[in-house]
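Listed below, chain by chain, are the residues.
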Amino acid sequence: MRRGNKYIGVFDSGFGGLDVLRGIVKELPSYNYIYLGDTARLPYGNRPKETVYEFTKQAVDFLFRQNCELIILACNTASSDALRKIQREYLPKKYPHKKVLGVLIPLSEEAVKYTKSLKVGVIATVGTVQSKSFLRELKKLNPRIEVFQEACPLLVPLVETGKQNSKKTDLALKKYLKPLLKENIDTLVLGCTHYGILEGQIQKMIGPKIKIISGSELVGKKLKDYLSNHKELEKKLGKGKARVFYSTKLTANFTKLGSKFFGSNIIARKAVIK
Ligand code: DGL
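Residues numbered from 1 in each chain as written. Predicted model: local features only at pLDDT ≥ 70, side-chain atom pairs only at ≥ 80, totals over all residues. Heavy atoms only, no water.

Some details on the environment of K241
The condition that has to hold: By definition, any uninterrupted DSSP run of H or I lasting at least four residues is a helix, any uninterrupted run of E lasting at least two residues is a strand, and each is numbered from the N terminus. When accessible area is computed with a 1.4 Å probe and restricted to protein chains, residues below 20% of their type maximum are described as buried, those above 50% as exposed, and intermediate ones as partly exposed. It only takes one pair of heavy atoms within 4.5 Å for two residues to be counted as in contact.
Checked against the element boundaries, K241 lands in the loop between α12 (231-236) and β9 (243-247). When its relative accessible area of 54% is taken as the criterion, K241 is described as exposed. Distance in space between the C-alpha atoms of K241 and S30 is 4.8 Å, their sequence separation being 211 residues. Leaving out residues up to four positions away in the same chain, K241 has contacts with P29, S30, Y31 and N32.

Dropping the structure here:
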């Protein structure tokens, strides 16, 4: 395989992670990127942990086959249910020199930086909430922090079908945010890639005093720090500005809404993963 042609892989269950990739490309434009969305098997958020692990492992295999050197699991559900096992068990056995990183630590570190009341809200999928992954990471950083989680199962299907500005979405958001507002949180983590597109609406509902922490901009900044601290890995990455998009199901929505999330037009290729 040609040296200097290595990619950074970004994985999500759907197209929500394209918002994270947009932020990464903004910070680090020169690298080569491959995006994979497992739209054929979305949503991950309602699936058992074991299934999310199997699917994520297959996605990781696919991206490493495409010459990725480093993979970012932009999907919070995959980061919650699969990342630790992949890092501790799968990589050492199968890809000892490659890296897979998630989004939970960057989001949690940023939340801890902002909160003054030490009351942090997290909205996420059922799987992410049940895994208690944000609770664990936030408490690790500051054991005095109180974490209030709310699973929002209606939001992913609403965003996936392009209904982000509908009355239904407004009502669902109101219902999900109400219990968190009662707890006087001062920081809200958007713990799901799909919620980035709802950030404006959410901020309007919660008011300007509550800080929203979202992966959109943050993950790129954290990756920049990571690469400057891991020069050996950085040197292996190609700098040809390639952007390649894969989806396990080619739908008009993936292209249309994906382009919106990414901020410019994308053309997706079909990926077969199993
Ligand atoms: N992309 C997933 C996440 O960030 C949510 C979508 C899904 O349920 O598959 O958690």
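Right, picking up where we left off after that structure.
With respect to the sheet that holds strand β6 (residues 146-151)
For clarity, the cut-off: Strand pairing is defined by DSSP finding a minimum of two bridges between the two strands. Note on geometry: axes are C-alpha line fits, over the in-contact stretch for helices, and angles between N-to-C directions span 0 to 180 degrees.
With parallel pairing, the four strands of this open sheet are ordered in space as β6-β5-β7-β8. Whereas interior strands pair on both sides, the edge strands pair on one side only; in this sheet they are β6 and β8 (211-213). Strand-to-strand twist across the sheet, computed as the mean angle between neighbouring axes with direction ignored, equals 20°. In the packing of helix α7 (residues 133-141) onto the sheet, contacts are made with β5 (119-124), β6 and β7 (187-191), and the angle to β5 comes to roughly 150°.

What about the environment of P43?
Note on placement: P43 falls in the loop between β2 (32-37) and α2 (49-65). C-alpha of P43 to C-alpha of T125: the two residues are 82 residues apart in sequence and 9.3 Å apart in space.

Observations regarding the pairing of β5
When a strand is regular, its side chains alternate between the sheet's two faces. Burial runs high along β5: five of the six residues are buried. Here β5 runs beside β6; their pairing, made up of six bridges, is parallel. Its bridge partner being in β6, I123 is matched across the sheet by E150. The sheet contact formed by β5 and β7 spans five bridges and is parallel. Bridging from a neighbouring strand, V122 pairs with V189 of β7.

Some words on the packing of helix α9 (residues 167-182) against helix α10 (residues 199-206)
The condition that has to hold: Put simply, angles under 35 degrees are roughly parallel, angles over 145 are roughly antiparallel, angles from 65 to 115 are roughly perpendicular, and the rest are oblique. A crossing counts as left-handed when the near helix is turned anticlockwise from the far one by less than a right angle, and as right-handed when that turn is clockwise.
The N-to-C vectors of α9 and α10 enclose an angle of 50°; their axes lie 10 Å apart at closest approach. In terms of orientation, α9 lies oblique with respect to α10. Crossing handedness for the pair α9 and α10: right-handed. Judged by residue contacts, T169, D170, L173, K174, L177 and L181 of α9 engage Q201, I202, M205 and I206 from α10.

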